[in-house]
Amino acid sequence: MKNKSTVSKVLKKIKPYSGYLFLSIISAVISVSLTLYIPVLVGDAIDNIIDAGNVNFKNVGILLGYIAIGVVGVTVFQWIMNYFTNVISYKTVRDLRREVFAKFNNVPLSYIDSHSHGDLISRVINDIDAVGDGLTQMFLQLFSGVVTIAGTLIFMLMIDWRIALTVVILTPLSLFVASFIGKLSHRRFTRQQILQGDISSYVEEHVGNQRIVKSFLYEQRAFEAFEKYNNELYDVGFKAQFAGALANPSTRFVNAMVYAAVGIFGALTAIVGTLTIGQISCFLTYANQYTKPFNEVTGVLTQLQTGIAAAARVFEVLEAADEQPDPENPVTLENCKGNIKIDDVSFSYTKDKPLIQHFTLDVKSGNHVAIVGPTGCGKTTFINLLMRFYETDSGKITIDGVDIREMTRDGLRKQFGMVLQDSWLFSGTIMENLKYGNENATEEEVIKAAKAAYAHGFIRRMPNGYNTVISEGGGNLSRGQIQLLCIARAMLTNPAILILDEATSSIDTLTEIRVQKAFARIMEGRTSFVVAHRLSTIKESDVILVMKDGNIIEQGSHDELLAKNGFYSVLYNSQFAKTS
Amino acid sequence: MFKLRRFLKDYKKECIVGPLCKLFEAILELLVPLVMANIIDVGVKNRDSGYVIKMGIVMIALGAIGLMSALVCQYLASRASQGVGTKLRSELFLHINSLSHAELDKLGTPSLITRITNDVNQVQQCVAMGIRLLSRAPFIVFGSLIMAMTINLKMSIIFFLAAALIGITLYLVMSKSLPAFSAIQKKLDRIGLISRENLSGNRVIRAFSKQKSEQERINKATEDLANTSIRVSRLSALLSPATYAITDVAIIAIVWFGAVSVNNGTGMLSGDIIALVNYMTQILLAIIVVANLVILITKASASAGRINEVFETQPSVVEKKHTDIKTFTDEKTPKIEFKDVFFTYGDGDDELTDISFEIMRGQTVGIIGGTGCGKSTLINLIPRFYDVKSGEVNFDGVNVKEYPFTQLRGQIGIVPQQSVLFSGTIRDNMKWQNKDATDDDIVRALKTAQAYDFVSKLKNGIDSHVEQGGKNFSGGQRQRLCIARAITGNPKVLILDDSFSALDFATDAALRKALKAFTNDMTVIIVTQRCSTIRNADQILVLDDGCLVGKGTHDYLFDNCETYREICLSQLNEAEAKK
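Everything numeric in this text was worked out from a predicted model, so none of it was measured.

Observations regarding the environment of B:Leu4
Moving on, step 1. Tracing the backbone shows B:Leu4 in the segment before α1 (12–44).
Moving on, step 2. Residues B:Leu4 and B:Leu88, 84 residues apart in the sequence, show an inter-C-alpha distance of 8.8 Å.

Here it is in structure tokens:
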């Protein structure tokens, strides 16, 4: 059963805290037995109060003393039980979040690219929260419940085993009812969590891109689409809640019936004469005590079910296939020279749409390679393969003669410094962002790199200079400024091979030329790849690769290619074409 | 918490009838022991099996009626809580939609996601549990208090003392843990933020091999959250044991003072003590439920506070609602006019200084200048994403501040710097500007944007799936789709904010040619870094550090504007520039 396996998976995650669990259970045993025992003591004390002038104060005092000790015990152990259950569930929640997060960095990049981020975030936030809630409730009710059941069972057996048996046989009826209702509503709880994720991803997309939403006057339509999810969530949520909430009254009804049955059966037995009235009333009290935990468990059934449905979604992420693991004995490159060989590589994102086919290229150490071509021709894909963000379908890529699959990914990527098309900064100060690739850089080094990237000027003008906090994704900066910061960040890493994928597309050409000069100084003697549309920026390259539809169709220096009068010269001359 | 009361308004019926049903059920439950007492006292005593069975049937009937009543309560509680949650989400989303960009930046997307999901869930859960459980406890507490008073007025002082103590404990725990619960939600935001960053910046993180340090970041954030949660649970875990302790101490007091009273013969019987103890136990059982509710309520009020914070945030750019704008659409009035415009974000230095220019109907205008010189800021003023500090921006001869947003922004098609598409199909995306766009409109726009070639090659054509952000398309393809999206609705003004940066020159040129043919009276504003893109424009505006340093045609500016000349020569040689 799927339900069960999810629960057992969650329980496995609790294992590290079995110490707390053990203490929690012990505390539950102590505090529950004391709660069951204290009323007995109170009864005894009252038995010592008969009427005026006939009160045994000594005995009452002693018994009240015992009760006081008992109360202290209950208070302390109940607190320990509550507290430790919370500790277990919060720590499990913490572990789960970490694990899911670690997963984000272990799955193939294609997983991240093809899943809605809002939905994944909802799993980290909402689903794991629901798992935590479910855990707390489960433990709290389960521990005290089991102990109460066991305790009352013993008391009942001591009085009369036949009636005890009646109660024991009848009470699980309520469990059947509860589990039947649980099964009925499970699908709705699952759907509820899925919709929760849909809503998150819709909000992530449309609130994250409010500027576009606003400029297209899309607010009303975005709202309508949101309402569709929202209303469906109402519908499903209502049904799930109600179905889940059915369980508690139903079990209480079943238990009331059990109570009535015990009463009637007991009364009839008493009429026959084998049971005293006092025994019946005792029985009824314990029957009540005994069924209470069953009622309480069904009382939190909705939370448990939400938790199970949520846990299933969390495990769905945790069980996604990892990237191909790094080799066991990886080759490490010392003093990477930057000889890169691409040998008959084929690749496609989707099976039915071949992109790169039988691609072969030999780059010598220190070469400056420029890649040009129409959009969608595979330039960025080529870089994805080079840095092993994606795996080749066939063929191999070697650096200094070593297959990149024989190195660790970290070892491979350390050789590269890159500025990507989708420039990205994280929320934090500018200084932290610049040091991202090289934490040990000194402040002077950072400023030097910023100057070389022509970012120093605008950084200095910002309210707090290098300590200015930029919002997530670099929201308060222009794209050009973000690119300059990314370039400065890459300059600080001092890599063996440099990749610039449309790194300067949003930077004005004056600045770009200066930045390029700075790069040229750094790149002297190192291999570099530059993807660019502005052909002016790549004229100086040693080799220009002209790509089209995943293949290299022309190859050579700027002058050679122009002389060839082929595709490159068409591209180059198109920038002088008149539109009218 | 109380500020969100208005959301309960539509569920008045549920909020009143629900608890009443619950109360009714509780009363029925109290009757059961009486019936049982009758079975024993009358039935067993008289050995009357017929009576026993009759009363048994009454008990079953009581159970059945109780069940119905409870079901009604559950039904109403589910309806009210889900309804309140749905309404909260919907109004939150609407309100977020009305905020300007400055406010959204401040609140942050990940935090808004948590608020609209997690925080609303907390409030929703609180409403449901409130309706289900809150009515029973006060009923039993008050009932027991009154019963205690009728038994023995003096002894009922113990009850009042206990009730007051429990009240104080609840209040203390609640007020102490409220800030902690707010802090917890904020820490949850942070986890959301880090997760979001790691998803959107995953390539960069892998490229820099920063997985370990990112993991440390989340470890710290989750540790922080766990610690705060555990710390607050140390306090909230105290609630039910403390209640238990108070009531049991009260029981001890009842027995002791009861014993003294019985001994003195001042009117108390040992049976009275039993009754008082029983009532105290009733109170305890009722309050334990409340104690659990209190934690829920505290959590919910922390969440309610965060939701309120969003509702209380007001947009900085406020729309004028009246609709009868008299615009001037004659040939002489410029389509767009900037008059002595100054602009600044917040309180910083001026981003734009004294900008004045006119753009006539149907003109193609280029805006060029260095990185961070204010180009994007300038065009953001046209659809009034921000308000100017001083000066005027006029559209069809009327200040943009006078327009309703629909009338102003409805005329403007914008292609933003960040080419973002939305999940759905290409067709869905193309209908953003005009939801009634026909296939022909869409194909025409795609052709103009030079996107039809690759779209028609896709298996499902314009019905092909687009992933969130448009990740399944290359940068250049995305840019062209964004352009097509903007022109599908035939806007009067098209603003292209550096929208050719990912296009090769051939596509760039073909696109501009096609745009020219697309519509003759469309005013086009092109922000760019490439001088070849705008060399044929009717007018070029040259910006330098927030100032307008040149306006005119390519030939004029090349000879007369030093900044422009420099930019051109950085991309082309003198001969090429003059070609």
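Moving on from the coordinates now.
Some words on the sheet that holds strand β5 (residues 368–372) of chain A
Residues and elements named next belong to chain A.
Moving on, step 1. Spatial ordering of the open sheet is given by β8-β11-β12-β5-β13-β14, a layout of 6 strands whose pairing is mixed. Each edge of the open sheet carries a strand with a single partner, namely β8 (416–419) and β14 (551–556). For this sheet, the mean angle separating the axes of adjacent strands, direction not counted, is 15°.
Moving on, step 2. Across 5 bridges, strand β11 (residues 497–501) lies against strand β12 (residues 527–531) in parallel orientation. Across the sheet, the residue bridging to Asp501 is Val531, located in β12.
Moving on, step 3. Together, β5, β11, β12 and β13 (543–548) form the strand contacts of helix α12 (residues 379–386), whose direction differs from that of β11 by roughly 150°.

Some words on the sheet that holds strand β4 (residues 356–363) of chain A
All names here are of chain A.
Moving on, step 1. Here 4 strands make up an open sheet; going across it, the order is β4-β3-β6-β7 and the pairing antiparallel. Two strands in the sheet have a free side with no partner beyond their single neighbour: β4 and β7 (402–403).
Moving on, step 2. The sheet contact formed by strand β6 (residues 394–399) and β7 spans 2 bridges and is antiparallel. Each bridged residue has a counterpart across the sheet, and for Ile399 the counterpart in β7 is Val402.

Focus: the interface of chain A and chain B
Moving on, step 1. The interface is formed by 148 residues belonging to chain A together with 151 residues belonging to chain B.
Moving on, step 2. Of the residues forming the side of chain A that touches chain B, the biggest block, 27 residues, is contributed by helix α9 (residues 219–272) of chain A.
Moving on, step 3. Residues that form the side of chain A that touches chain B fall into these classes: 77 nonpolar, 48 polar and 23 charged.

Quick word on the pairing of strand β3 (residues 340–347) of chain A
Residues and elements named next belong to chain A.
Moving on, step 1. In terms of strand pairing, β3 meets β4 through 5 bridges, oriented antiparallel. Bridge assignment links Lys341 to a residue of β4, and that residue is Asp362.
Moving on, step 2. Of the strand pairs in this sheet, β3 and β6 are connected by 5 bridges, and their pairing is antiparallel. Bridge assignment links Ile340 to a residue of β6, and that residue is Ile399.

Rules behind the numbers
- Residues numbered from 1 in each chain as written.
- Chains lettered and ligands numbered in written order.
- Predicted model: local features only at pLDDT ≥ 70, side-chain atom pairs only at ≥ 80, totals over all residues.
- Helix = DSSP H or I, 4+ residues; strand = E, 2+ residues; numbered from the N terminus.
- Pairing = 2+ DSSP bridges.
- Axes fitted to C-alpha atoms, helices over the stretch in contact; angles between N-to-C directions.
- Contact = placed C-beta atoms within 7 Å.
- Nonpolar A, V, L, I, M, F, W, Y, C, P; charged D, E, K, R; others polar.

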